[in-house]
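Each chain is listed here by its residues.
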Amino acid sequence: MSAFEDIVRRESGLKQQLSAGQMAMIAIGGAVGTGLFLGSGFAIGFAGPSVLLSYAIGALISLLLMGCLAEMTVAHPTSGSFGAYAEHYIAPWAGFLVRYAYWAAVVLAVGTEVTAVGLYMGYWYPDVPRWIWVALFSAALIAVNMMSVKAFGAVEYSFSLIKIVAIVAFILVGAWVVFGAPTPGVGFANYVNNGGFFPNGLWGTWVGVVIAIFSYLSIEMIAVAAGEAKDPQRAITSAFRSTMVRLVVFYLATIALMLAIVPWAQAGKNGSPFVTVMQATGIPGAAGIINFVVLIAALSAMNSQLYITTRMMFSLSRAGHAPAVLGRVHANGVPLPALLLSCLGIAVATIFNIVNPEQSFMLMMAVSMFGAMFTWFMIFVTHLFFRTRRQHLGREATSFRMWGFPATTLLGAALMFAALVSTLFTDVFRLTLLTGIPFLLVLAAVYRLWYRKAPTVQLAPQA
């Protein structure tokens, strides 16, 4: 097995221009997006008030995942990230499957974000076809990602800052509504009204966990961004810790207040449940402001996802598992061919929005989830191999270590496997496994036929 330094060397050419602050904002930008502002409404519909437990379990899985990923990333900061770790510590075929499954998942997740953009713009312009907004905003964000990683970082920092300020403001306003002057229909009694805390039973709560995992999806992109960080080790450790604290507070606090203000059966029926809550407060213009914020959130997540899919395809190309042209880096440090290919999800979303606009979001979410959930499962498996092999070789511990190993890593893997299997027994997510398993089998066949002999890889020249 070759040294990991060989992987780092072949993935050279990107520019290290991201600060620790931008790294943290990139992670938040990916995870605090449509999953919170729109997906939480679907989760509430399945779980009712017990969605709080759903998101708490999802947060636990995310925390375990980030612990595993942080330890591996501190040891090996590179854009190939968990795909490169799977290649080195498990086998080349594992790195191939993880990279392609993740790339496909996030490419389609970009489609869910841009689909949400069409929904949000419908709040102000209900008569304008959604696909028009999909095309306009997509063009703008593609242009940002074409400029440089520095431009991407600056835009993402601004987007994420708007989201953080808005969420904090929402929490303050929500707390004032709930704990301030008594208002009929507002209060924690809503947790047990309309069918109790578990209106759809424990199964509904568990389905909520699946959606919660989708909501937290993209926190792992901080590990990919480590390859372009100015001071990877320090930036990674700081960003991982701050990101997890913010995510848990943001998700659980906002949903807890949301359910106290609006009965769960009303939250998220049409558009974002955040807009529904702000309409219920009666504050003039508040709903429009929140709709603007959730629009920014979707654009932010889409921006981050375009970035990460580009780097993952770049890594595949440099590994010899994709055409060499996709590994070329423009003079400004951007893998432009990989970026253009990673816009496929936008094209799929545009078609879905033209053909079936009402069901487009759920369709995109169901299809995109397999690759992401498979990748999260494989991160836990890779960490088991990582720690075992390093201990066998007598390597020194990294500055960040996953606590409770191996029990915590095994727990994360078991929970992810259970969530993945559960999608088959849920009508709305049945497509997740029905499309995901065949896709994985095709990838395995492609690897066996074309890439099993590990082709020699040369660095692609700059464009």
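Located above this text is the structure these notes cover.
Here we summarise the structure given alongside this text. (Residues numbered from 1 in each chain as written. Predicted model: local features only at pLDDT ≥ 70, side-chain atom pairs only at ≥ 80, totals over all residues. Heavy atoms only, no water.)

**Describing the overall build of the protein**
Within the protein, the secondary structure is distributed over 19 helices and zero strands. With the model as given, the accessible surface of the protein reaches about 17300 Å², and the carbon-plus-sulfur share is 68%. (Helix = DSSP H or I, 4+ residues; strand = E, 2+ residues; numbered from the N terminus. Areas by Shrake-Rupley, 256 points an atom, 1.4 Å probe, with all protein chains shown as cover.)

**Points about the pattern of salt bridges**
Tallied over the entire structure, the rule returns three salt bridges. Close ionic contact of Arg387 with Glu71 constitutes a salt bridge, the shortest N to O distance being 2.9 Å. Note that Arg387 is positioned in helix α17 (residues 360-393) and Glu71 in helix α5 (residues 51-75), a separation of 316 residues in sequence. Like Arg387, the residue Glu71 is buried in the burial classification. Note that Glu87 is salt-bridged to Arg99, the shortest N-O span being 2.9 Å. With Glu87 in helix α6 (residues 81-89) and Arg99 in helix α7 (residues 92-124), this pair connects stretches of sequence that are 12 residues apart. Considered together, Glu87 and Arg99 belong to a single accessibility category, that of buried residues. (Salt bridge = Lys/Arg side-chain N within 4 Å of Asp/Glu carboxyl O. Buried < 20%, exposed > 50% of the residue type's maximum accessible area, 1.4 Å probe, protein only.)

**Topic: helix α8 (residues 130-147)**
With 18 residues, α8 should reach 26 Å at 1.5 Å per residue; the first-to-last C-alpha distance of 27 Å fits that figure. Within the span of α8, buried status applies to Arg130, Trp133, Val134, Ser138, Leu141, Ile142, Val144 and Asn145. Down the axis of α8, the sector holding all buried residues measures 155 degrees, keeping them to one side. Exposed side chains of α8 directed beyond 90 degrees from the buried face belong to Leu136 and Met147. (Expected span 1.5 Å × (residues − 1). Arc of directions from axis to C-beta.)

**Side note on the environment of Tyr447**
Residue position: Tyr447 is located in helix α19 (residues 430-451). On the accessibility criterion, Tyr447 (10% relative accessible area) is buried. Once the C-alpha coordinates of Tyr447 and Trp93 are considered, the two residues, 354 residues apart in sequence, prove to be 6.9 Å apart.

**Considerations on a nonpolar patch on the surface**
Taken together, Trp203, Phe417, Val421, Leu424, Phe425, Leu431 and Leu434 make up a surface patch of nonpolar side chains, about 670 Å² in accessible area. Those elements that place two or more of their residues in the nonpolar patch are α18 (407-422) and α19. (Patch = residues over 30% accessible without salt bridge, like charges linked within 9 Å, V, L, I, M, F, W, Y side chains within 5 Å.)

**Digging into helix α10 (residues 201-216)**
Side chains of residues three or four places apart in an α-helix project in the same direction, reflecting 3.6 residues per turn. For α10, which comprises 16 residues, the first-to-last C-alpha distance of 23 Å matches the rise-based estimate of 22 Å (1.5 Å per residue) to within 8%. With 13 of 16 residues buried, α10 is to be regarded as a mostly interior element. Trailing α10 by a residue or two, Ser218 shows a phi angle of about 100 degrees, which is positive.

**Section: the packing of aromatic side chains**
Counting across every chain of the model gives 17 aromatic pairs. Measuring from centroid to centroid gives 4.6 Å for Tyr216 and Tyr251, while their planes differ by 45 degrees, and the two rings are tilted. Pair noted here: Tyr216 is in helix α10 and Tyr251 is in helix α12 (residues 232-261), with a separation of 35 residues, a long-range link. The buried category is assigned to Tyr216, whose relative accessible area is 1%. For Tyr251, a relative accessible area of 0% corresponds to the buried category. Considering the side-chain rings of Phe370 and Phe374, the 6.0 Å spacing of their centres and the 10 degrees angle between planes classify their relative orientation as stacked. Linking Phe370 with Phe374, this pair stays in helix α17, spanning four residues, or about one helical turn. Grouped by ring-pair contacts, the aromatic residues Tyr55, Tyr216 and Tyr251 constitute a single cluster. Residue placement shows Arg387 over the ring face of Phe405; its charged tip is 4.5 Å from the ring centre. (Phe/Tyr/Trp six-rings, centres within 6.5 Å; stacked < 30°, edge-to-face > 60°. Lys NZ or Arg CZ within 6 Å of the ring centre and 35° of its normal.)

Just distances and angles here, no functional claims.
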